[in-house]
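Next come the chains, spelled out residue by residue.
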Amino acid sequence: MAAAAVAGSLTAHDRRILTALNTGASSLSFVGSGFIVLCYCLFKELRKFSFKLVFFLALSDMLCSFFSIVGDPSKGLFCSAQGYSTHFFCVASFLWTTTIAFTLHRTVVQHKTDVEDLEAMFHLYVWGTSLVVTVVRSFGNDHRHLVHFITFYAPLWGAILYNGFTYFQVIRMLNNATRVAVGMSDRAYQFDMKALNRWGYYPLILIGSWAFGTINRIHDFIEPGHKIFWLTFLDVGTAALMGLFNSIAYGLNSSVRRAIHERLDLFWPDRFRKWLPSSSKVRNQQQESELVSLKVEDQQ
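The following paragraphs examine the structure supplied in this document. Not measured: the values here are computed from a predicted model. (Residues numbered from 1 in each chain as written. Predicted model: local features only at pLDDT ≥ 70, side-chain atom pairs only at ≥ 80, totals over all residues. Heavy atoms only, no water.)

### Points about helix H5 (residues 119–138)
Over its 20 residues, H5 runs 29 Å from end to end, which matches the ideal 28 Å to within 8%, given 1.5 Å per residue. Buried within H5 are the following residues: Phe122, Val126, Ser130, Val133 and Thr134. Each buried residue of H5 sits inside an arc of 105° when the element is viewed along its axis, so together they form one side. Exposed residues lying more than 90 degrees from the buried face of H5 are Ala120, Met121, Leu124, Leu131 and Val132. (Helix = DSSP H or I, 4+ residues; strand = E, 2+ residues; numbered from the N terminus. Expected span 1.5 Å × (residues − 1). Buried < 20%, exposed > 50% of the residue type's maximum accessible area, 1.4 Å probe, protein only. Arc of directions from axis to C-beta.)

Written out as structure tokens, the structure reads:
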């Protein structure tokens, strides 16, 4: 969240450091998530349902970062509006990660092909839940720390547990399928193990982004009048970088890299082509990898 929300009893110098840290880290997240949003808008081949979920995740991250960057007033109506907007889009961000996990699980483990029909339910779930917890937070000024924990950290760790359990099942399912395919020497059903390993890291993004924030909130319960600067520093820095982490993990997949490379290869002047990676070799490698790693996405 914004640096002002965790500054507490820190000195003016400490608050300036936290504000600068929040602005810098949020700017990186804004650029990273904005890049994914731009790619989705520019490249028609990316507009599959699976990447549409990534687009809404990146859009939520981008808006969360934007409202974190816009000023840091210590009081007034603008401060409240900024805090509620940041809270809304940050909750929306980690809720979109649960829809991605749900989609993979429903496709891979349950072998369902109706995930596109659930898009309206996804929007209702994400935006509706984000709105409800944000409104509830606005009525909790008398018990600010407790209400913030209930309306933010409780659903956050619920999302982390759900994502972890879901990706564990998906990876186990695909590992079993891969072992069977290897035994049968059937390359058509062998999955890209790098893609599977990458899915396993997705829940760690939320853990890495909010572990220090959770510890800091627990510390606030125990000693509400005392702030630990280094813990608050890590809290603000890692939370503000969530959008950048998400854009790298979810957005910069082989489909995006291939789309970018094809545009560069198309418009890059001939005399500079030698500075690009070997076009045909890289493209063939990416396509071969994508046939197996994105087989799940093609079913969607």
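### Things to note about helix H8 (residues 229–240)
Between the first and last C-alpha of H8 there are 16 Å, a value that for 12 residues agrees with the 16 Å anticipated at 1.5 Å per step. Listed as buried for H8 are Leu231, Thr232, Asp235, Val236, Gly237, Thr238, Ala239 and Ala240.

### Considerations on the pattern of salt bridges
Tallied over the entire structure, the rule returns 5 salt bridges. The salt bridge involving Glu119 is made with Lys52; its shortest N-O contact spans 3.5 Å. With a gap of 67 residues between them, Glu119 in helix H5 and Lys52 in helix H3 (residues 49–69) connect regions that are remote in the sequence. Residue classification places Glu119 among the partly exposed residues on the basis of a relative accessible area of 22%. For Lys52, a relative accessible area of 22% translates into the label partly exposed. Among the ionic pairs, Arg217 bridges to Asp235, the shortest N-O distance being 3.1 Å. (Salt bridge = Lys/Arg side-chain N within 4 Å of Asp/Glu carboxyl O.)

### Considering empty space enclosed by the protein
Scanning the model with the defined rule gives 4 cavities of 30 Å³ or more in all. By volume, the second largest cavity is sized at about 100 Å³. Cys64, Ser68, Cys90, Ala239 and Ala240 are the residues nearest the centre of the second largest cavity, which is lined by 15 residues in total. For the lining of the second largest cavity, the secondary structure elements donating two or more residues are helix H2 (12–42), H3, helix H4 (77–108), H8 and helix H9 (242–251). Class assignment for the residues of the lining of the second largest cavity results in 7 nonpolar, 7 polar and 1 charged. (1 Å grid on protein atoms, 1.4 Å probe; cavity = no way out; pocket = protein on both sides within 12 Å on 5 of 7 lines; lining within 4 Å. Points joined across faces, edges and corners; volume = space filled by probe spheres on them. Nonpolar A, V, L, I, M, F, W, Y, C, P; charged D, E, K, R; others polar.)

### With respect to the nonpolar core
Counting 51 residues, the largest nonpolar core has Phe94, Phe152, Leu156, Trp210 and Tyr250 as its most contacted members. For this core, the elements supplying multiple residues, two or more each, are H2, H3, H4, H5, helix H6 (144–183), helix H7 (193–222), H9 and helix H10 (254–267). Residue contributions to this core peak at 12 residues, all from H4. (Core = buried A, V, L, I, M, F, W, Y, C linked by side-chain atoms within 4.5 Å.)

### Some remarks on the state of the cysteines
As used in these notes, a disulfide is a covalent bond between sulfur atoms, one from each of two cysteines. Counted according to the given criterion, the structure contains 0 disulfides. Just so you know, Cys39 is unpaired, no disulfide at all, and the nearest cysteine sulfur is the one on Cys41, 9.4 Å from it. Unpaired in terms of disulfides, Cys90 finds its nearest cysteine sulfur in Cys64, a separation of 4.1 Å. (Disulfide = S-S within 2.5 Å.)

### Some words on the packing of aromatic side chains
Scanning the entire structure with this criterion turns up 19 aromatic pairs. Here the aromatic rings of Phe56 and Trp96 are separated by 5.2 Å at their centres, their planes lie at 15°, and the arrangement is stacked. Of the two residues, Phe56 sits in helix H3 while Trp96 sits in helix H4, which places them 40 residues apart along the sequence. Accessibility assignment for this pair places Phe56 and Trp96 in one class, buried. One aromatic cluster is present, built from ring pairs that chain together Phe30, Tyr40, Phe51, Phe55, Phe56, Phe66, Phe67, Phe88, Phe89, Trp96 and Trp127. (Phe/Tyr/Trp six-rings, centres within 6.5 Å; stacked < 30°, edge-to-face > 60°.)

### Focus: unusual backbone geometry
Most peptide bonds take the trans form, and the phi angle of most residues other than glycine is negative. The residue His111 is not glycine, and still its phi comes out positive at about 60°. Along the chain, the position of His111 falls in the loop between H4 and H5. Its relative accessible area of 56% is what places His111 among the exposed residues.

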